[in-house]
Amino acid sequence: MGGVLASIGAAYLSFSLEVSRAKESFLFNIEQVEVALSERLRTYELMLRGAAGFYETTPGVDRSAWRTYTEKLQQNGLITEVQGIGFAAYVNPDALDNFVQQVRDEGFPDFSVHPQTPRDIYTAILYLEPFDERNQRAFGYDMYSEATRRDAMHRATLTRKAALSGRVELLQEMGSKKQAGTLMYVPVFDSNNIEMQADPYKVLLGWAYSPFRMTDLINGIIQNWERDDGASIHLSIFDSPEIAYQTLMYESDRAFKSEPNYLHASVPFSFGGRTWLLDFNHQDELSVLNLERPLIFVLLGLVISAVLAAYVRTLQMTRDRATQTAEHLTHELRLKQSKMVELEERWRYALQATRGGVWDWRAKDNQAYFSEEWYNLFGFTHADGKHLHSTWLDNIHPDDRDDLMEKLERFMENSRPGDDTFENEYRMVDAHGDAIWILDRGFVVERDDSGRPARITGTVEDVTAEHERLHRLQSEAETDRLTLLPNRAYLYKYLGKAVAVQAKKKSMLAVMFIDLDRFKQVNDTYGHEIGDKLLVEVATRFKDVLRIDDVLCRWGGDEFLVVLETHSLDSVTGAAQRLIEAASLPIYLRGHELFIGASIGIVIYHGSIESTAEELIRRADKLMYDVKLNQRGHYKLAHIDDKTEARQ
């Protein structure tokens, strides 16, 4: 009787473990949706930031230039679920009539800003690509006149960050199959004056934005998930912190068949100043439970009980021998159960992972298990590693090894129950000597008596393509499209890092603010095309007279910045003189002999007092204006530490 009860208890425990496994698998599956949604929205944010940067730094952006830029994004595969990429202009009331007439003169005689009611602020959708029939319905619409859109546009302007709107119905919706919509905005400012204005609306040009049809957006993001891991999971998205039908933005096409029980989760998701509620329900909970193991426990217990009873009744052995036999059988049974649990845990955690390799590491004896997929990912064979911990360690990229080992040791020392997971991205060197970026996730499944992790199971996934794509987007966002020099965004990042570590160095940091003399006269006389070619020529000359380690950036318009690190003041003044001479030489373009010059303000920073990149640029800019007012074609230099100045 006791054996039967023990079998039932073991079966119940196994069933409980199976329920826990199903819950963990369910939570892992919905986490995939959160990650995919976050990554896709961040991709669209980068796309809009690039469009805003293109508008800010490219002189004379017109409808053709905007179309060319967005078509390039489409060719690169960045526009998939978006309805389009647009620019909405910010229009002062006193300039409204001129704005409307300019658009009509472009070939749109019926253009107007609508709705046509008096208000303090006007905006208008000026560009929206692709400019198809659906998107033409929005041409000229003043999104700022509608409260939900206005809230997101105002938030983006004040924070200077991407902002997501609440639930709206897009103007592009036609027919009976209408979808809920949302819009993402990134502000576009006058790059020449933005640092001097406390009120962002005074330098606001408009917004780069994209409209999204929610059903198209979400289906595009999770289509693979719905076919595989999410095939039995119902998803609803609400534009509110609670479930409310009037805020429903998306719902799976599948009919929901069962009430929530233990496989249900409501997860808040925040992005761009909005918080959505992602509501997940499993439609067939029993189908994900593996009930074979509990049944095996019951049957095994019954068989063992019957065998033991027959054995006792038949042999009638002495108490001591019977006790020894029972203890031996119990030990064997526990050993087998322990091995079954260990095997079950290994594959249970492996099945939770995304596609990629699976590994299992025992820290106490430094032994490791690697799946066939792990070896295939890096082009290795089992003979290369023989399940040794060094198989992994020896193939970490040398530039990442020390940092990764430090993070792993810190996790091993500080991890306690409840803090069981870690995640790292780093490079591995495959069998061909190539570097592969991987996402490595691990979970502590066993601890020693002191609480230190004793066994960790996890997965690796190849994320090289994602790294390359993000690097390409970042490079485009930090490069001036005309001169191909680093732009203002790159300069802020580079100079900020240089200022932060300057106090630890014995060298000087020089920041030069360069403004071209008489460039506006050339631009007004010969046109923007000649002006652009002149800027490219000047950029080439400046690079030729600077050292390879000096950083030359285009600040905007006809302004450039140079950052030098040196031990000699003479090298700074020498570089300034070479730049002035390079700009003063005649420039020949399309039969014209052009003469310009350069005025330079220079700040020398030693790191002895606290400062910022913005402060150094502001001071160099002020020195440059002093030169422009008093003696063009020269430079003025000041040490930020002691306020002393020298002039030539």
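Residues numbered from 1 in each chain as written. Predicted model: local features only at pLDDT ≥ 70, side-chain atom pairs only at ≥ 80, totals over all residues. Heavy atoms only, no water.

Under an unreviewed UniProt entry, the name given to the protein chain is Diguanylate cyclase, and the source organism is Pseudidiomarina aquimaris. UniProt annotates the protein chain under Subcellular location (unreviewed entry) with the comment "Membrane". (UniProt positions renumbered as here; feature names shortened; annotations may be inferred.)

The subject of this paragraph is the overall build of the protein chain. Of regular secondary structure, the protein chain possesses 18 helices and 22 strands. Out of the 648 residues in the protein chain, the part that is buried amounts to 46%. The contacts in the protein chain between residues at least 6 apart in sequence include a share of 65% that link residues at least 24 apart. Here the protein chain has roughly 33600 Å² of accessible surface; of this, 51% comes from carbon and sulfur atoms. (Helix = DSSP H or I, 4+ residues; strand = E, 2+ residues; numbered from the N terminus. Buried < 20%, exposed > 50% of the residue type's maximum accessible area, 1.4 Å probe, protein only. Contact = heavy atoms within 4.5 Å. Areas by Shrake-Rupley, 256 points an atom, 1.4 Å probe, with all protein chains shown as cover.)

Moving on, we come to helix α14 (residues 488-501). Over its 14 residues, α14 extends 20 Å from the first C-alpha to the last, a length consistent with the 20 Å expected when each residue adds 1.5 Å. Inspection of α14 places R488, L491, L495, A498 and V499 among the buried residues, and these make up the whole buried set. Looking straight down α14, one finds that the buried residues subtend no more than 95° of arc, so they occupy a single side. Every exposed residue of α14 that faces more than 90 degrees away from the buried side is listed here: K497 and A500. In this structure, the buried residues of α14 make contact with β15 (508-517), β16 (551-556), β17 (559-566), β20 (597-605) and α18 (613-630). (Expected span 1.5 Å × (residues − 1). Arc of directions from axis to C-beta.)

Moving on to the environment of A265. By the secondary structure assignment, A265 is in strand β8 (residues 264-271). Sequence separation of A265 and I30 is 235 residues, and the distance between their C-alpha atoms is 8.5 Å.

For the rest of this paragraph, the subject is helix α5 (residues 147-159). For α5, which comprises 13 residues, the first-to-last C-alpha distance of 18 Å matches the rise-based estimate of 18 Å (1.5 Å per residue) to within 8%. Restricting attention to buried positions, one finds in α5 the residues R149, A152, M153, R155, A156 and T157. On its buried face, α5 is in contact with β2 (122-129), β3 (163-164), β4 (181-189), β5 (204-213) and β9 (274-282). Immediately downstream of α5, the backbone of R160 shows phi near 60°, a positive value.

For V103, the position within the fold is in helix α3 (residues 96-105). Overall, the relative accessible area of 2% leaves V103 in the buried class. V103 sits 37 residues away from G140 along the chain, and the two C-alpha atoms are 9.6 Å apart. Discounting residues that sit within four places of it in the chain, V103 has contacts with R63, F108, F111, L126 and F139.

Before going further, it helps to examine the side chain of S240. Tracing the backbone shows S240 in the loop between β6 (233-238) and β7 (248-251). Looking at S240, its side chain comes within polar contact range of the main-chain oxygen of E242, at 2.5 Å. Separated by 2.9 Å, the side chains of S240 and T247 make a polar contact. Ignoring sequence-local partners within four residues, the contact set of S240 consists of T247, T275, W276 and L277. (Polar contact = N/O pair within 3.5 Å; in protein donor to acceptor, adjacent residues only side chain to side chain.)

What follows covers the packing of aromatic side chains. Enumeration according to the criterion identifies 28 aromatic pairs in this entry. Seen in terms of ring centroids, F54 and Y69 are 4.5 Å apart; in terms of plane orientation they differ by 10°. Their pairing is stacked. With F54 in helix α1 (residues 2-57) and Y69 in helix α2 (residues 63-75), this pair connects stretches of sequence that are 15 residues apart. Exposure class is identical for F54 and Y69. Each is buried. Plain terms: the ring middles of F111 and F139 are 4.9 Å apart, the flat faces sit at 50° to each other, and that makes the pair tilted. One end of the pair, F111, is in the loop between α3 and β2; the other, F139, is in the loop between α4 (133-136) and α5, and 28 residues separate them in sequence. Here the aromatic residues F54, Y55, W66, Y69, F87 and Y127 are joined through ring pairs into a cluster of three or more. We note R63 situated over the ring of F131; from NZ or CZ to the ring centre the distance is 6.0 Å. Here the basic side chain of R488 rests over the ring of W555, its NZ or CZ set 4.1 Å away from the ring centre. (Phe/Tyr/Trp six-rings, centres within 6.5 Å; stacked < 30°, edge-to-face > 60°. Lys NZ or Arg CZ within 6 Å of the ring centre and 35° of its normal.)

Looking now at empty space enclosed by the protein. Under the definition given, this model contains four cavities of 30 Å³ or more. Its volume calculated, the largest cavity comes out at about 200 Å³. What lines the largest cavity is a set of 16 residues, among which W359, W361, W392, Y426 and D440 lie closest to the centre. The set of elements that each furnish at least two residues to the lining of the largest cavity consists of β10 (357-362), β11 (367-370), α11 (389-393), α12 (398-414) and β12 (421-429). Classifying every residue of the lining of the largest cavity gives twelve nonpolar, two polar and two charged. Here the second largest cavity defines a volume of roughly 60 Å³. (1 Å grid on protein atoms, 1.4 Å probe; cavity = no way out; pocket = protein on both sides within 12 Å on 5 of 7 lines; lining within 4 Å. Points joined across faces, edges and corners; volume = space filled by probe spheres on them. Nonpolar A, V, L, I, M, F, W, Y, C, P; charged D, E, K, R; others polar.)

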